[in-house]
Structures are given as structure tokens and as C-alpha cells.
Amino acid sequence: MEFPSPTMRVWTLFLFLLLLKSDVVQSASDYLIGLGSYDITGPAADVNMMGYANTDQIASGIHFRLRARAFIVAQPNGNRVVFVNLDACMASQLVVIKLIERLKARYGDLYTEKNVAISGIHTHAGPGGYLQYVVYIVTSLGFVRQSFDVIVDGIEKTIVQAHENLRPGSIFVNKGELLDAGVNRSPSAYLNNPAAERSKYKYDVDKEMTLLKFVDDEWGPLGSFNWFATHGTSMSRTNSLISGDNKGAAARFMEDWFERKGSVRMDLVGFENDGVPRRISNIIPSLHDNYHELLELAASFRSPLGKPATKTSSIARRVRGVLRQVDKPRFVSAFCQTNCGDVSPNVLGTFCIDTGLPCDFNHSTCGGKNELCYGRGPGYPDEFESTRIIGERQFKKAVELFNGASEQIKGKVDFRHAFIDFSQLGVNLSKVGASEVIKTCPAAMGFAFAAGTTDGPGAFDFKQGDDQGNPFWKLVRNLLKTPGKEQIDCHHPKPILLDTGEMKLPYDWAPSILPIQVLRVGQLVILSVPGEFTTMAGRRLRDAVKTVLSGNKGFGSNIHVVIAGLTNTYSQYVTTYEEYQVQRYEGASTLYGPHTLSAYIQEFTKLVHALISGQPVEPGPQPPDLLDKQISLLTPVVMDATPIGVKFGDCSSDVPKNSTFKRADMVSVTFWSACPRNDLMTEGTFSLVEFLQGKDMWVPAYDDDDFCLRFKWSRPFKLSSHSKATIEWRIPKDVTPGVYRIKHFGAAKGLLGSIHHFTGSSSAFVVA
């Protein structure tokens, strides 16, 4: 063997060091990876929002847009799995059924309910009406086809993107603690868990974030998905703007951060001064600061009359496209939900709005009333600021984990899935020296369910911790369905308010057949659960699965188990047996009785054993497809109109003449508009801030996706054909000085049903 020359040794060393510094791991890839993302914002008007069950919370604009984000991991010529994260309250069984039908028509048996997981982030600020069971669509006046279609379409397009982006790559995993983004909102229930069990944990909520980093062999990092427990309730039950809440915000922050990193001066961890990434400085060169010339230039651009437009004009004017490399896949970052059942982002605590004193510890009431007790977010009293702060905290932790991810995922890709009837499932409970078989119960909701939580209190005289019920409300309940003795005994100590599992008119009120699913990617195992597990319930499920996996050589010693909450369908909460006894909101919302968690642990354990042994599992009974039975009472848009002498897109309220604004000022412009339901502007925008470059070139600067820009729509009364759109721009701290204007895009419906797109512009103004 010949030894290399000294020169060759130097070059070898240089190449070795270069590879060490590279983002790309230069090794044979075990996987094909593909990521995708698509707009699922939905109707921004007239539709009740999903989450708080507040009939008054009707969408009337956009805080920032919602997206579906997906990753596919495939072994060449082997198994593959798909995970989709939705900026939506939860997954819907009907959405999954129809999505799988589309995927089978497109790809055959490549993607089925077995290897596709659809998970929601649990924002309470997205349009409702897309689930199929009565109890979840009552407040939205039944089924909303537009909400449903945009989600199914968006998920399909997201998966198609990810599929078409499949390329050789590597995956890395990292974990870390995030201490200030969640608190336990039902601490009295948590304290009912055994002291010995509680002593194993430092906190009464999970503080750990688990992150996957996806790296393309050629392009380098392509995206990240992480799981962390905190509710999507930074935005309150009175908010009417569509929003991804704190997790949607974190995703937008991280995607912007990555697209811009290296192109703008940033501090040590990659954030600008106020922590939130901006883009404007990157795409617009600094201008001279001749104030008087700018003022004269702005004065030459007065608000024009509204004019016709094409739908593509709004899409073409979006901001983020200017940052992308045409031939490189878009960076995708998803902030997924896990066992968030009792975890609130309102970290300052709960207080009475009448006295300012802390709420009652056991019942979260103030003078006996639940509706006076509210949790406070870190930006209190500004819910938009609380959303930004909690989103930013998750974003910063994710960047830290992303930059430090070094443990490579290696091993098989596999999956197991089963449908389980939870209404009367036999559960083997082990006891000392014996075992007992019990059954779960048909679904039912307790009185404390109607009390709501400190994130969104209920009404009337309901309260958390109620294990007796109320004679008056029992009479009201009996008008719908009187539970029998067997059902009452099965759910004890929960007093039944709604016997949803036995209510079948006009169709099923609650699910009974639920999907459970295990996805494996190397040493990472994802447990897809169709509900909200509390902190301790999630810990018990993860520990049970880890116990089964730890004895298997195929997984190695470093096993990562994450729970993907609100996945594939929705069946409300899952508490521990001990938490159930307390009957806080979460216990009252545990549908299948006190042994629901034990049933999940039993069935997931079966799936994991089958995964290890390579054995198939029985598919179980198919859930119903209730699409043809859906009822919708939401009235359609009849027509849009403007006052005589006014065009769609005209300014109703413009910026003052010769205006000059400073950083942190609010600029507000109102346009004559039309109902946003006429065209959802999917992958487009209703609102836009433009920057004047040179003498006559307007450059997109901020749009519907930006935290600083809000689109608010209103009509003078419910059935009015007249409406207005107010666009508010809170000028960012790092904005480039210059001349700006605000634009509005919309679509009006004519009396005969035709749709006409339009656009309008404000007068130009100076930002100094």
C-alpha cells in the first residue's frame, strides 16, 4: 500500500475539517425525506370558531394565515410514513376518511390510514364546522362545507408536495427543556395522582420539547418538526380573527428565520432585537433619508378608485416568494401538539376579573362563578402580545435544538394502526395477585364540562369539580336523552350532563370508534392519539410503551417516544383514573369513563408488541362516514354591494394627507369590501403593505401572514350586502424608512352568483 504524499495529507485533513463544519452529514442516507406546506386558512367571515364552543365567536378577519405542514420519511423500496401538522383545532375523522380516499385514488395503497397521521395544533381561532359529530358542530350551525373542503384540499396538496420532494436525506433528533411556556390549569386534579408518582417529576406539566431536523443530502436543512405541550389558547374566546395562536406563530417565526438567516445581521442565536424575525430589511435596500423628498414622493400617490383584479394578482403580490430559491424546496417548520390536556399558555396565573384576586384553587371560581375566572398570558392584557411571546419562546427553544441536533435517526420505518370501539371495550386491570376485567362506557360529558376552563370559562352556574350535578340541568338534559342506571354507574363519579354516546338523532353526537396508531422512524416512536391527554396520562402512556420497547434490541437504548395529540379524529380528553375522580373540566370531558386511559395503554401496548414482532394487527371496525347526513344551517352569501357612487376597493377611511408615521405607530385604512367567503384567497392575501422602490416600483413588504398586519372585516348588520375591510399595520421596530401604501384584495358576489375580484390602495405615506 502506498502512503499519501504530505500535500495529499494536507488536502485530506482540509476536506475532513470541511465536512465536520458542514450542515450536511456526508454519509449514505438511510431515508428518503420530503416536506410540504399549504394554506388551509378557510372562511374568514360568518363562521363560528372551533375550540371554545362560544356561539358569539364568529370569524371576522385574519390575524395570520393557517397552514398544513407535512413530512414523509421512506426507506428506499421499503415502508414510509406521513405526518401532517394542521394549524387547526384538531383532526377530523371525516377529513381523514375523505383524504385517504383521494390519496388511494392518486397513489394506490402507498398512503393509507395505516401510515398517514393528521394532527392538529389545537388553535381555538380557526373556522369550525369540519367535524362530523353533532356535539362538535352545534355552535357552527352544523357542517360548514367550505371549512371542510379547504382542509382536505390543503392536506392533499401538502402531501403531494412532500411526495414530489422526496430525496435522499438524514434526520436528527434533539430534546430540551422549555420552562416558561405552560402551566397546569387544573393543579388540584394533578395533585390527586399518587404522591409517589408525582415525586418522580420536577414539574406538574411536561417541559420537554422533542425536535426532528430534516437534512437533504444536497440542499442541507429542509425543515423541522417538534412536539411540545401547551394549549392553543393564548388568543381568547372573544377573539374573532383567524390565528394559528402560539404554535402557528412559532412556525411562522422559525420559517422566516431560516429563510433569512445569513442574509441579515443577527445576534448570537439568530434573532433580531425584539426576537421576531422580519424580512423587509432583507428585500429592500436602505434609502437616503431626505425626508422632504420622501414626503413629496408620497403625496404624488393618492388613493385611487377601486378597480377590477384577477385572483392571481393577490397571489403574485405575496411576500415570501421573493426569498425562495426557485429550485430549492421551501423550509418547513411545524410546532406540533402533544399531551396538552391540562397545560395552559396563560402562565401568569388565574385571577378574578372583578376583584383581581386569585381564583378558587379547587373549582376555578370567583364568588362561586366560573365566568369571572380567567388565566393571564405573559402579555396581559394584550392577547396578541401573549400569543407572540409564547410563540417566540417555543421558536427560540426550537432554534436552539435545531442548531444543536447531532443524534442521527437510524433504523426501520414501520407503523401499526387499529380502529377500536371505545364504547364498551374490555380492559384488563392488573391488581396485586389478581386481575379484573372492566369495560369502558359509551361517551358522556359531565357537568363540569359546561364550566369550561380558565382559558375559556363557561356560563350559567356550572363549576369545575362538580361530582353531583344540578337538578335543574338534569331536567334539561333529560329532554335530550336520559341516561340509564348502567350508564350512570359506569361513568361514576361523573354526573352526566350530555349522554352523547347514546344520542343518535339526527346522527351520531359523539364518536365511539377511534383510530390509534404507532409510527416508527428509527429510534423515534410517535403515538397518534385522538384526543387531549393530560400531563400525567401522557406520562403513563409513554412509560408503558417505553417499557415494552426497552427490551427490544432493534430499538437500541436511546428510545424517543412522543405523543401526537388530537390526531386522526377527536374524542376530547383523557385523564388518569385519579384525576377523573376530581371531575375538573378535563375529567368531565373524558368521554369513555374512569378507565379510558387504561384502555388506551392496553391497546397501544398491543400495537407496539405487533410492531416489534413484525406481526399484523386486526384493523377493527370501520368508523362511519357521515358526510351525506350532515346538516348545515349557515346561510350562504347572497350578494355584495356598495353604496351608490362607490366601487369595491375604494377607500372609506384613508390615511391623512401628507402623513408621516414612526416605528410602533398604528396605520389603519378602511376599504369598501365584500364577504371573504366569496374567495378564501388560498395561498394568496387579502391585505398587503407595499414599499416604494425608486420612483414607481411597489415592492411587497408585509401580508396576511405577518404578525404586524391585521385584516378585519365587518358589515353594519348581519344580512347587509355592504361591508368594509379595515387593515391595521403596526409598524415594526426595524422597518426600513421610506414610502409605503396599504392594499386590499377581495372578491364580490353578484346577484346572479358571479364572482368579481377587485383591489384597492390607500394613499402613500412616509415611515420616518
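How each quantity is defined
Residues numbered from 1 in each chain as written. Predicted model: local features only at pLDDT ≥ 70, side-chain atom pairs only at ≥ 80, totals over all residues. Heavy atoms only, no water. UniProt positions renumbered as here; feature names shortened; annotations may be inferred. Helix = DSSP H or I, 4+ residues; strand = E, 2+ residues; numbered from the N terminus. Rg over C-alpha atoms; globule rule 2.2 N^0.38 Å. Buried < 20%, exposed > 50% of the residue type's maximum accessible area, 1.4 Å probe, protein only. Contact = heavy atoms within 4.5 Å. Areas by Shrake-Rupley, 256 points an atom, 1.4 Å probe, with all protein chains shown as cover. Lys, Arg positive; Asp, Glu negative; His and termini not counted. Charge placed at Lys NZ, Arg CZ, Asp CG, Glu CD. Disulfide = S-S within 2.5 Å. Domains from an automatic or database assignment. Buried area = accessible area lost by both parts, 1.4 Å probe. Salt bridge = Lys/Arg side-chain N within 4 Å of Asp/Glu carboxyl O. Nonpolar A, V, L, I, M, F, W, Y, C, P; charged D, E, K, R; others polar.

- As annotated in an unreviewed UniProt entry, the chain is Neutral ceramidase from Glycine soja.
- For the record of the chain, the UniProt heading Catalytic activity (unreviewed entry) holds the text "an N-acylsphing-4-enine + H2O = sphing-4-enine + a fatty acid".
- Its UniProt record, at the heading Sequence similarities (unreviewed entry), says of the chain: "Belongs to the neutral ceramidase family."

## Structural notes on the overall build of the chain
For step 1, the next point in the chain: Counting its regular elements, the chain contains 16 helices and 37 strands.
For step 2, the next point in the chain: Here the C-alpha atoms of the chain give a radius of gyration of 27 Å, agreeing with the 27 Å that 2.2 N^0.38 yields for 768 residues.
For step 3, the next point in the chain: Counting only C-alpha atoms, the chain reaches 90 × 90 × 55 Å along its principal axes.
For step 4, the next point in the chain: Sorting the 768 residues of the chain into buried and exposed places 61% on the buried side.
For step 5, the next point in the chain: For the chain, the proportion of contacts with a sequence separation of at least 24, taken over those separated by at least 6, is 78%.
For step 6, the next point in the chain: Of the accessible surface of the chain, which amounts to about 30000 Å², a share of 56% is contributed by carbon and sulfur atoms.
For step 7, the next point in the chain: Treating the 81 positive side-chain charges of the chain as one cloud and the 79 negative ones as another, the clouds have centres 1 Å apart.

## A word on the state of the cysteines
For step 1, the next point in the chain: For the coordinates displayed, the defined rule picks out 3 disulfides.
For step 2, the next point in the chain: Here Cys352 connects covalently by a disulfide to Cys366, the sulfurs 2.1 Å from one another. Across the disulfide from Cys352 to Cys366, rotation about the S-S bond amounts to roughly -95°, and the bridge is consequently left-handed. A residue pair is termed long-range when its members are at least 10 positions apart, and Cys352 in strand S15 (residues 349-352) and Cys366 in the loop between S15 and strand S16 (373-376) qualify at 14 residues.
For step 3, the next point in the chain: Residue pairing for Cys441: its cysteine sulfur links by disulfide to Cys490, the two sulfurs lying 2.0 Å apart. Linking Cys441 and Cys490, the disulfide has an S-S dihedral of approximately -90° and is accordingly described as left-handed. Taken together, the residues Cys441 in the loop between strand S20 (434-439) and strand S21 (445-446) and Cys490 in helix H12 (residues 485-491) connect sequence positions 49 residues apart.
For step 4, the next point in the chain: Classification of Cys441 as buried rests on a relative accessible area of 1%.
For step 5, the next point in the chain: Of note for the chain: the bonded cysteines, numbered N- to C-terminal, pair according to 1-3, 2-4, 5-6.

## Concerning the domain arrangement of the chain
For step 1, the next point in the chain: Under the domain assignment used here, the chain contains domain 1 (31-261 + 327-423 + 508-629) and domain 2 (636-767).
For step 2, the next point in the chain: For domain 1 and domain 2, the distance between their C-alpha centroids amounts to 34 Å.
For step 3, the next point in the chain: With 26 residues of domain 1 in contact, the opposing surface of domain 2 contributes 20 residues.
For step 4, the next point in the chain: For the pair domain 1 and domain 2, the summed buried surface comes to about 2000 Å²; carbon and sulfur atoms form 54% of the total.
For step 5, the next point in the chain: Our count for the domain 1 to domain 2 interface comes out at 5 salt bridges.
For step 6, the next point in the chain: The salt bridge partner of Arg677 is Asp46, with a shortest N-O separation of 2.9 Å.
For step 7, the next point in the chain: For the side of domain 1 that touches domain 2, a count of residues per class yields 12 nonpolar, 7 polar and 7 charged.

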